Amino acid sequence: MNLSDSRTAGPGPRRVSATEAVLTHLRGAIQRGEYAIGDKLPSEAELCRTLEVSRPVLREALRALQTMGLTVSRTGKGTFVVADAVEEPTFGDYAAGDLMEVRRHVEIPVAGYAARRRTPENLDHLAHLLHRMERETDTTAWVAMDTLFHLAVAEAAQNPVFRRVIEEIRDALARQSAFLNELGDRREQSNREHRAIVEALADGSEQDAAEAMTHHLDRVETTLTDIVRRASAPDSTQAE
């Protein structure tokens, strides 16, 4: 069974990544009871052989299963099924809904303050990060810079409390970013949204900066909702 290049059924098939194809296959097997609650999934080596995918692809899919609340990983023992229906994703210590609620109440006004208070050094730092992100092809490296970008916006607001809040949720932001990029192909779109934020900060427009951040978070939430909806739907991925 080769899941390295798959598509979804229906009009205008949507190409999906190998990670999403593996996730859909495993999630479907769990929902159908092929792996019941309490069962241990096959080893990584066995799954890689069966699904004909690389270990990095498989591990991303396994992380996504855990984020969706379907499995848990027990060190030295393996991955076990703990639910057969998709729950709200959890990023580190925080549920997705709680994280998005806080991000909206913090990062949107922070962007406005940053437009008013940013220094030339702040703008240079953000421009440098953006330049690197737009050229980065490695997801792990991009995700690390994504969290740095949001920290840099908070720093530009010139209020250390804002930076401390973003620091507190930094791990969750990184987990959310990785999840969205592996399963939602968000990187290029996110780069454009980040550029709009930087341009608004450079213009010194509080309203434009707040609107740019609002649009960014809207797109994050929409992509997250789409991923969960696809994961909750009947298995429709077909290997070519």
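Residues numbered from 1 in each chain as written. Predicted model: local features only at pLDDT ≥ 70, side-chain atom pairs only at ≥ 80, totals over all residues. Heavy atoms only, no water.

Quick notes on the overall build of the protein
For step 1, the next point in the chain: Helix and strand counts for the protein come out as 10 helices and 7 strands.
For step 2, the next point in the chain: Each of the 240 residues in the protein was classed as buried or not, and the buried ones make up 45%.
For step 3, the next point in the chain: For the protein, long-range pairs separated by at least 24 residues make up 70% of all intrachain contacts whose partners lie at least 6 apart in sequence.
For step 4, the next point in the chain: In the structure as shown, the protein presents an accessible area of about 11800 Å², 48% of it carried by carbon and sulfur atoms. (Helix = DSSP H or I, 4+ residues; strand = E, 2+ residues; numbered from the N terminus. Buried < 20%, exposed > 50% of the residue type's maximum accessible area, 1.4 Å probe, protein only. Contact = heavy atoms within 4.5 Å. Areas by Shrake-Rupley, 256 points an atom, 1.4 Å probe, with all protein chains shown as cover.)

Side note on unusual backbone geometry
For step 1, the next point in the chain: Positive phi is not limited to glycine here, since Glu52 has a value of about 60°.
For step 2, the next point in the chain: Assessed through its relative accessible area of 44%, Glu52 is described here as partly exposed.
For step 3, the next point in the chain: Of note in the backbone geometry, Gln158 takes a positive phi value of approximately 60° without being a glycine.
For step 4, the next point in the chain: Mapped onto the secondary structure, Gln158 falls in the loop between helix 6 (139-156) and helix 7 (160-168).

Some remarks on the nonpolar core
For step 1, the next point in the chain: Judged by nonpolar contacts, the single largest core of 66 residues is most densely connected at Val22, Leu58, Leu65, Val153, Phe179 and Leu201.
For step 2, the next point in the chain: Contacts of Val153, omitting those with residues within four sequence positions, involve Val110, Ala111, Ala114, Leu126, Ile197 and Met213. (Core = buried A, V, L, I, M, F, W, Y, C linked by side-chain atoms within 4.5 Å.)

Observations regarding helix 3 (residues 55-67)
Owing to its 3.6 residues per turn, the α-helix brings residues three or four apart onto one side.
For step 1, the next point in the chain: A rise of 1.5 Å per residue sets the reference length of helix 3, with its 13 residues, at 18 Å; its end C-alpha atoms lie 18 Å apart and thus fit the reference within 8%.
For step 2, the next point in the chain: Those residues of helix 3 that fall on the buried side of the exposure criterion are Val57, Leu58, Ala61, Leu62, Ala64, Leu65 and Thr67.
For step 3, the next point in the chain: Residues of helix 3 that are buried make contact with helix 1 (18-31), helix 2 (44-51), strand 3 (71-74), strand 5 (90-91) and helix 8 (170-184).
For step 4, the next point in the chain: Where helix 3 ends, the next residue or the one after it, Gly69, has phi of about 85°, a positive value. (Expected span 1.5 Å × (residues − 1).)

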